[in-house]
Amino acid sequence: MNFALILFGLLVVSGALWALDRFVASKRRSVGAKSPWWVEYGASFFPVILVVFCLRSFVVEPFKIPSGSMIPTLLVGDFILVNKWTYGIRLPVINKKVIEVNQPKRGDVMVFRFPADPSLDYIKRVVGLPGDKVEYIDKKLSVNGVAMTQREEGDYLHADRLYYSPRRAEKLGEVEHSIIVENDAPAFVSQITQYAYRDNCTYTSRGVSCTVPDGHYFMMGDNRDGSFDSRGWGFVPEQNIVGKAFFIWFNFSDLKRIGSFH
């Protein structure tokens, strides 16, 4: 369900009722007479819907994490906030950029419209920028021939299933973040779809190597063996970008998770 489109529809209807009441109906009513209930209620909701629409479209938008692809950075059930203007001001609904601000950086956690189905919002980490050569071979990441540094962080406990995964700290750009890697999972990409610029990638039994096309980004989940990402479905076009995730504002299971993350 396209909530942005629904909200825009409500804004148009309530705004039309507000304008009708303000500039037409109020001038025809006798002094002290009330406007029809449907006009009164519709018009009264307009300022609230307008504020919500502007905040959600241009400033910040809430999302809920539905899967474990970003463990350990983000957990299932985390409610997060996404900065809508840091990558440029975009027109609501059609998502067309009209004002340039910043470009995504390696290491950013980004929300975007899934290329294969733009009605779905995905969240992953930016690994490759336009023109980068990204290699994920034997579960080690390198960008433009430079290996991203890793150090052991002990084990990560999956509380819901009571098992441990090796946890590592990885430096990607200016951001150090945690990832988990399953030692017994295969190194090759097990799920590969057909996608635009498929010829830019080479798959082997050891992993994948891709050159990111202009105007696109290569995205990966921090749960490296539990994420369906650019390794399998390709690149994210610039026009699919929604915003940069930056804050966990609630989690019903663990209030200690509230706060910023990287």
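For clarity, every value in this text was computed on a predicted model and none was experimentally measured.

A. Main features of the overall build of the protein chain. Regarding its fold elements, the protein chain presents 3 helices and 18 strands. If one aligns the C-alpha atoms of the protein chain with their principal axes, the spans along those axes are about 80 × 40 × 30 Å. Expressed as a percentage of the 262 residues in the protein chain, the buried residues total 45%. In the protein chain, once contacts between residues fewer than 6 apart in sequence are set aside, the share between residues at least 24 apart is 57%.

B. Layout of the environment of N83. Looking at where N83 falls in the secondary structure, it is placed in strand β2 (residues 79-83). A relative accessible area of 15% places N83 in the buried class. In sequence terms N83 and V242 are 159 residues apart; their C-alpha atoms lie 8.5 Å from each other. Excluding anything up to four places from it in sequence, N83 contacts V59, V242, G243, K244 and F246. One polar contact links the side chain of N83 to the main-chain amide nitrogen of T86, over a distance of 3.0 Å.

C. Local environment of the sheet that holds strand β10 (residues 150-158). Judged by pairing direction, the sheet is antiparallel, and its 3 strands sit side by side in the order β10-β11-β12 without closing on themselves. The open sheet has two edge strands with one neighbour each: β10 and β12 (175-180). Looking at each pair of strands side by side, their axes are set apart by 30° on average, direction ignored.

D. Local environment of the environment of G42. The topology assignment puts G42 in helix α2 (residues 37-59). Exposure remark for G42: the relative accessible area of 12% places this residue in the buried category. Taking the C-alpha atoms as reference, G42 lies 30 Å from V242; in sequence the two are 200 residues apart. When sequence neighbours within four positions are dropped, the list of residues in contact with G42 reads S14 and L17.

Scoring rules and cut-offs
- Residues numbered from 1 in each chain as written.
- Predicted model: local features only at pLDDT ≥ 70, side-chain atom pairs only at ≥ 80, totals over all residues.
- Heavy atoms only, no water.
- Helix = DSSP H or I, 4+ residues; strand = E, 2+ residues; numbered from the N terminus.
- Buried < 20%, exposed > 50% of the residue type's maximum accessible area, 1.4 Å probe, protein only.
- Contact = heavy atoms within 4.5 Å.
- Polar contact = N/O pair within 3.5 Å; in protein donor to acceptor, adjacent residues only side chain to side chain.
- Pairing = 2+ DSSP bridges.
- Axes fitted to C-alpha atoms, helices over the stretch in contact; angles between N-to-C directions.

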